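Observations on the three-dimensional arrangement
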Amino acid sequence: MSLALDPAAQDLLFREARTANTFTDEPVTDEQVQAIYDLVKYGPTAFNQTPLRITLVRSPEARERLVQHMAEGNRPKTATAPLVAILSADNEFHEDLPALLPHFPQAKDMFFAERPVREQSALLNAALQAAYFIVGVRAAGLAAGPMTGLDFAGVQKEFLDADHTPLMVVNIGKPGEEAWFPRSPRLSFDEVVTTV
């Protein structure tokens, strides 16, 4: 059975897409980032919540501050990528629910009145949105280099606040020379899927 998505698009988004480790110096524009977000904002989440927050690190001073919080092996990539985004989860996402879920505005207080519940939901749903964001970067013809090798507490203190939990840092741009490591194996269908 074939997929509805064109094979070239399947390659662009999945089969040929890779995590980039080097980038050219071609800039990534705000218009490109807006187009990416305007596409991926339609990805499903629980209660239509939108906890993902994207902090674009553009200034040299902010980049230098961020690099200091990256794991040693990730520092050169983050220092030289055309654009870096800090993806975080907004633990106060429930404040937007009445507008995002107009047919069920009471969900805000009914399900998300308690902070620990919000944090758990924000983490899961922002992670879903982060995955959509990475696919959106690929759809824009760019490469993404998502990384979790960083000092999360340091990034939160430097760039966010107590209501925002950092998820990852994503380097974004056109892939440079020797951008790819060899592709690692994946589990097969039979290793992952069980029918009951």
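Further up the page is the structure itself.
First things first, this report covers the structure right here in the doc. For clarity, every value in this text was computed on a predicted model and none was experimentally measured. (Residues numbered from 1 in each chain as written. Predicted model: local features only at pLDDT ≥ 70, side-chain atom pairs only at ≥ 80, totals over all residues. Heavy atoms only, no water.)

**Considerations on the packing of aromatic side chains**
Quick note on the threshold: A pair of Phe, Tyr and Trp rings is counted when the ring centres sit within 6.5 Å of each other, with Trp represented by its six-membered ring. The angle between the planes then sorts it: under 30 degrees is stacked, over 60 is edge-to-face, the rest tilted. Counting from the N terminus, the helices are DSSP H or I runs at least four residues long and the strands are E runs at least two residues long. Relative accessibility decides the category of a residue: with a 1.4 Å probe and only protein chains considered, values under 20% of the type maximum give buried, values over 50% give exposed, and everything between is partly exposed.
Under the defined criterion, the tally for this structure stands at five aromatic pairs. With a centroid separation of 5.4 Å and 90° between ring planes, the pair formed by Phe47 and Phe112 is classed as edge-to-face. Placement of the pair is Phe47 in the loop between helix H2 (30-40) and strand E1 (52-57) and Phe112 in helix H6 (residues 107-112), with a sequence separation of 65 residues. Phe47 gets classed as partly exposed once you look at its relative accessible area, which sits at 29%. Classification of Phe112 as buried rests on a relative accessible area of 3%. Taken together, Phe47, Phe93, Phe104, Phe111 and Phe112 form an aromatic cluster joined through their ring pairs.

**Section: the nonpolar core**
Side chains of nonpolar character tend, in soluble globular proteins, to be buried together. For the record, the criterion: As used here, the term nonpolar core means buried Ala, Val, Leu, Ile, Met, Phe, Trp, Tyr and Cys residues forming a set that is joined through side-chain atoms within 4.5 Å. Any two residues whose heavy atoms approach within 4.5 Å at even a single point are treated as in contact.
Grouped together as the largest cluster of nonpolar side chains are 23 residues, with contacts concentrated most on Leu87, Val137, Met168 and Ile172. Of all the secondary structure elements, the ones that give two or more residues to this core are H2, strand E2 (83-90), helix H7 (115-139) and strand E4 (164-173). For this core, the element with the most residues is H7, which contributes six residues. Filtering out sequence-adjacent residues up to four positions away, Leu87 remains in contact with Leu52, Arg53, Ile54, Ala130, Phe133, Thr165, Pro166, Leu167, Met168 and Val170. By size, the runner-up hydrophobic cluster in this structure holds 16 residues, among which are Ala62, Ile86, Phe159 and Val169.

**Quick notes on the sheet that holds E4**
Selection criterion: Two strands are said to pair when DSSP picks up at least two bridges between them. For helices, the fitted axis covers only the stretch in contact; all axes are lines through C-alpha atoms, and the angles between them, taken along N-to-C directions, range from 0 to 180 degrees.
The strand order E1-E2-E4-E3 describes an open sheet built from four strands, whose pairing is antiparallel. Only two strands of the sheet have a single neighbouring strand rather than two, namely E1 and strand E3 (143-147). The sheet shows a mean angle of 30° between the axes of neighbouring strands, direction not considered. Pairing geometry for E3 and E4, over five bridges, is antiparallel. Bridge pairing in E4 places Ala144 opposite Ile172. Relative to the sheet, helix H3 (residues 60-67) contacts E1, E2 and E4, its axis offset from that of E2 by approximately 65°. Strands E2 and E4 of the sheet are contacted by helix H8 (residues 152-159), whose axis makes an angle of about 90° with E4.

**A few points about the packing of helix H1 (residues 7-15) against H7**
The test is simple: Comment on the angle field: the value is read as roughly parallel under 35 degrees, roughly antiparallel over 145, roughly perpendicular from 65 to 115, and oblique elsewhere. If you view the pair so one helix is near and one far, a crossing is left-handed when the near helix is turned anticlockwise from the far one by less than a right angle, and right-handed when it is turned clockwise. Each residue is assigned to one of three groups, with Ala, Val, Leu, Ile, Met, Phe, Trp, Tyr, Cys and Pro labelled nonpolar, Asp, Glu, Lys and Arg labelled charged, and all others, Gly among them, labelled polar.
Remark: H1 packs on H7, axes separated minimally by 9 Å, with the N-to-C direction vectors making an angle of 130°. What the angle tells us is that H1 and H7 run oblique. Judged by the twist between their axes, the crossing of H1 over H7 is right-handed. On H7, the residues touching Leu12, Leu13 and Phe14 of H1 are Val135, Arg138 and Ala139. Residues that form the contact of H1 with H7 fall into these classes: five nonpolar, no polar and one charged.

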